[in-house]
Each structure stands twice: as C-alpha cells, then as structure tokens.
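# Residue-level structure breakdown
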Amino acid sequence: MQRRSRGINAGLILLLSQIFHVGINNIPPVTLATLALNVWFFLNPLKPLYESCLSVEKCYQQKDWQRLLLSPLHHADDWHLYFNMASMLWKGINLERRLGSRWFAYIIVTFSLLTGVVYLFLEFALAEFTDEPGFRRNCAVGFSGVLFALKVLNNHYCPGGFANILGFPVPNRFACWAELVAIHFISPGTSFAGHLAGILVGLMYTHGPLKKIMEKCAGYSGYQDYYPYGRPGYPEEAPMNYNAYTAGLSEEEQLERALRASLWDRGNSRPSPPPYGFHLSPEEEMRRKRLHRFDSQ
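Each value, and the rule that gives it
Residues numbered from 1 in each chain as written. Predicted model: local features only at pLDDT ≥ 70, side-chain atom pairs only at ≥ 80, totals over all residues. Heavy atoms only, no water. UniProt positions renumbered as here; feature names shortened; annotations may be inferred. Disulfide = S-S within 2.5 Å. Helix = DSSP H or I, 4+ residues; strand = E, 2+ residues; numbered from the N terminus. Buried < 20%, exposed > 50% of the residue type's maximum accessible area, 1.4 Å probe, protein only. Axes fitted to C-alpha atoms, helices over the stretch in contact; angles between N-to-C directions. Contact = heavy atoms within 4.5 Å. pLDDT = per-residue confidence, 0-100. Salt bridge = Lys/Arg side-chain N within 4 Å of Asp/Glu carboxyl O. Patch = residues over 30% accessible without salt bridge, like charges linked within 9 Å, V, L, I, M, F, W, Y side chains within 5 Å. Areas by Shrake-Rupley, 256 points an atom, 1.4 Å probe, with all protein chains shown as cover. Pairing = 2+ DSSP bridges. Parallel < 35°, antiparallel > 145°, perpendicular 65-115°, else oblique. Left-handed = near helix turned anticlockwise from the far one by under 90°. Polar contact = N/O pair within 3.5 Å; in protein donor to acceptor, adjacent residues only side chain to side chain.

Looking up the protein chain in an unreviewed UniProt entry gives the name Rhomboid-related protein 4, with the organism given as Canis lupus familiaris. Here the protein chain is described in UniProt, under the heading Catalytic activity (unreviewed entry), as follows: "Cleaves type-1 transmembrane domains using a catalytic dyad composed of serine and histidine that are contributed by different transmembrane domains."

In structure tokens form, the structure reads like this:
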C-alpha cells in the first residue's frame, strides 16, 4: 500500500476544519462516510495515481476495469481533495436529507461507476471522430465527475435562484454548464470530458430513464426514505430557525466562502432552510413559508 509523503497538507487540514465547524453530528451518515473514505484513500492510496486513473487505453484496451472503482476515490493532491470534498459536504447535506440515506448511498455508488463509463465513451468517441489517439490515453482521477452529477440533482430539486459564476449571476438550471466552461478557463488541466460525463449522468437521472431503472433494480422508490430535515433521531430533525440549521456556528461567513469556492455554489432559493450564511428579507421569508406549507399539503 502506497502512503502519501508526510509533508504539511494544508488542503486536508482546511477540509477537516470545515467538517468540525459544521459538526460531525450534523452531517448525514452517507455524506460523512464518503468524506471519510476519500480522506482515507488520499492518505493510504491502494495504488499510485498512474495505476488508478481512468483512461480508454488502460481500462478498455488493457482490461484494467478496477480503475472504474479506484479513480473516483483518488486525488492528485490535498487541494484537489479539499475542493472536491468541500463541495461534497455541501451537496451531501442537501441531497441526503431530501432523498434519505439509503437512496443517497445508492446514487453515490451508481453515479461513481456510471460517470466513469460515460467518460470512457466520450474519450473513445473523441479519439474516433478526430482521429487523435491521444484521447485514448487521457487519464482522469478524482470525485469531480460525481459532484457534477450531484450538482444537476441539486439544481433539479431546487429550481429557480442564481449561482455566481466568476462574478456573473447564472440561473441555476444553467449553472452546471457555466461551471463546466469556467473551470476549464481557470484550470485548463482539469478533465473536461470527466466533468461533462458527470453532467450527462445527472441529466440521465433527472430527465432520462436512469432513476426508473434504479428504482426497478432496487425494488423501492427513491423517495421512500424522504425526511425533509434529516432522518429520525438527528439533532436537526425539525429545526425551528436558521441558527438551529447551522448548529449555531459562529463562523458562517468563513464556511460559506470555503464551500462556495469548491464549485461556486451559492444563491439557491428553496423551500427548506437557506444555505449557510444567507439572510432572507421579510418578504422572501414569507414567500418561503408559503411555499413550504404548499409542499407539505
């Protein structure tokens, strides 16, 4: 088993700080397990990155299919881990409480595998259409593709509102596409096909047959375990105000900036309590309560 060097991992320290600021008891179990699993594999990778990353040449041509399992759980460095897991923390809290832990775990596993498959298909198609064999050797690693798929789900369940992309307000329904382009302007070395694969998997779930196929395979509905404020027994099962939702954090602005920095998540308007650090005007608060009463009927 390969171990990381013992240098200072500032991104890992910052991630752990974010987790403890939110409070471990306030993070749903599947989200917390996903964070822990990714941190564990970062500190104790099963294989070096060049033996874990996903490419057409290694996975399809050389039949090294275990890379479909390994690539989402390995990260290039501590900052790669931090940005992905800070985004996972935010999305997981929202989606797991909406869908329930059992279905959310099913989504994470399915999306992790399917995003890799779609990525291989995209790279293979690019290699064939452009007659450029280099696409077959492009090797991707990290949880980013799964996060783009979860972003599609989050925007689907929380329509309306705007996300801030490079200082420009973008409607949430277009935020994934704007982020896809923005990330590759800022960091050209990231995997465009890997992120695009995540968006396509998310759309297959929200607008395609994937959700029905998953329900049929599992034998139960994705909303069977739905609890609007977390599963029974959670400290936040029925928060009565914004302070309860944030667990009384004293550093909301710092947490908000760190979470937004991961994939520029901000500005979601939704009938459940608002994201960390947001304050609603009296008119917006009344509108939110009316929407909540309508949804509960």
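Moving on, there is more to tell.
## What to know about the state of the cysteines
Considering all chains together, one arrives at 1 disulfide under this definition. With a sulfur-sulfur separation of 2.0 Å, Cys53 is cross-linked through a disulfide to Cys139. Between Cys53 and Cys139, the S-S torsion sits near 90°, and that sign places the bridge as right-handed. Taken as a pair, Cys53 in the loop between α2 (29-43) and α3 (56-61) and Cys139 in the loop between α7 (134-137) and α8 (144-157) lie far apart in primary sequence, 86 residues in all. The class of Cys53 is buried, set by a relative accessible area of 9%. Of the residues examined, Cys139 reaches a relative accessible area of 36% and is grouped as partly exposed.

## Notes on the packing of α2 against helix α6 (residues 101-130)
Relative to each other, α2 and α6 sit at 35°, their axes nearing to 8 Å. Only Ser101, Phe104, Ala105 and Ile108 of α6 make contact with α2, whose side of the interface consists of Pro29, Val30, Thr31 and Thr34.

## A short note on the confidence of the model for the protein chain
In the predicted model, the protein chain carries a mean pLDDT of 77, and the fraction of residues at 70 or more is 72%. Low pLDDT, under 50, characterises residues 224-285; the predicted model gives this stretch 132 contacts beyond four residues in sequence or across chains. Note on residues 287-297: pLDDT is under 50 here. Beyond four places in sequence and across chains, it has 9 contacts.

## Some points on the UniProt feature "transmembrane region" (unreviewed entry) in the protein chain
Cross-referencing UniProt, the feature "transmembrane region" (unreviewed entry) maps to residues 103-122 and 181-206 in the present numbering. Each end of residues 103-122 is marked by a C-alpha atom, and these two atoms are 27 Å apart; helix forms 100% of the span and strand 0%. The distance separating the terminal C-alpha atoms of residues 181-206 is 21 Å; by composition the span is 81% helix and 0% strand.

## Comments concerning the pattern of salt bridges
Overall, the coordinates contain 4 salt bridges when judged by the stated rule. Linking Glu179 and Lys151 is a salt bridge whose minimum nitrogen-to-oxygen distance equals 3.6 Å. You can see Glu179 sitting in helix α9 (residues 172-186) and its partner Lys151 sitting in helix α8, a full 28 residues away along the chain. Taking the relative accessible area as the measure of exposure, Glu179 reaches 0% and is therefore buried. We classify Lys151 as buried; its relative accessible area is 1%. For Lys211, the salt bridge goes to Glu215, with nearest N and O atoms at 2.6 Å. Of this pair, Lys211 and Glu215 are both found in helix α11 (residues 210-218), 4 residues apart, which corresponds to roughly one turn of the helix.

## Concerning a nonpolar patch on the surface
A surface patch of nonpolar side chains, about 560 Å² in accessible area, is lined by Leu166, Phe168, Val181, Phe185 and Ile186. Looking at the nonpolar patch, the element that brings in the most residues is α9, giving 3 residues. Structurally, the position occupied by Leu166 is in the loop between β1 (162-165) and β2 (168-171). Assessed through its relative accessible area of 46%, Leu166 is described here as partly exposed.

## A look at the pairing of β2
Taken together, the 4 bridges between β1 and β2 define a ladder with antiparallel strand orientation. For Phe162, the partnering residue across the bridge sits in β2 and is Pro171. Linking β1 back to β2 in an antiparallel pair, the connection comprises 2 residues, with Leu166 at a positive phi of about 55°.

## What about the packing of helix α1 (residues 10-22) against α2?
Where α1 meets α2, the axes come as close as 12 Å, and the angle between the chain directions of the two elements is 160°. By the angle class used here, α1 and α2 are roughly antiparallel. In this structure, the crossing between α1 and α2 has a hand that is left-handed. Residue-level contacts link Leu12, Leu15 and Ile19 of α1 to Leu35, Val39, Phe42 and Leu43 of α2.

## As for the environment of Glu96
When you line up the elements, Glu96 lands in helix α5 (residues 78-99). In sequence terms Glu96 and Ile107 are 11 residues apart; their C-alpha atoms lie 9.9 Å from each other. Setting aside anything within four residues of it in sequence, one finds Glu96 in contact with Pro28, Pro29, Val30, Thr31, Ser101 and Phe104. A polar contact is formed between the side chain of Glu96 and the backbone nitrogen of Val30, at a distance of 3.0 Å.

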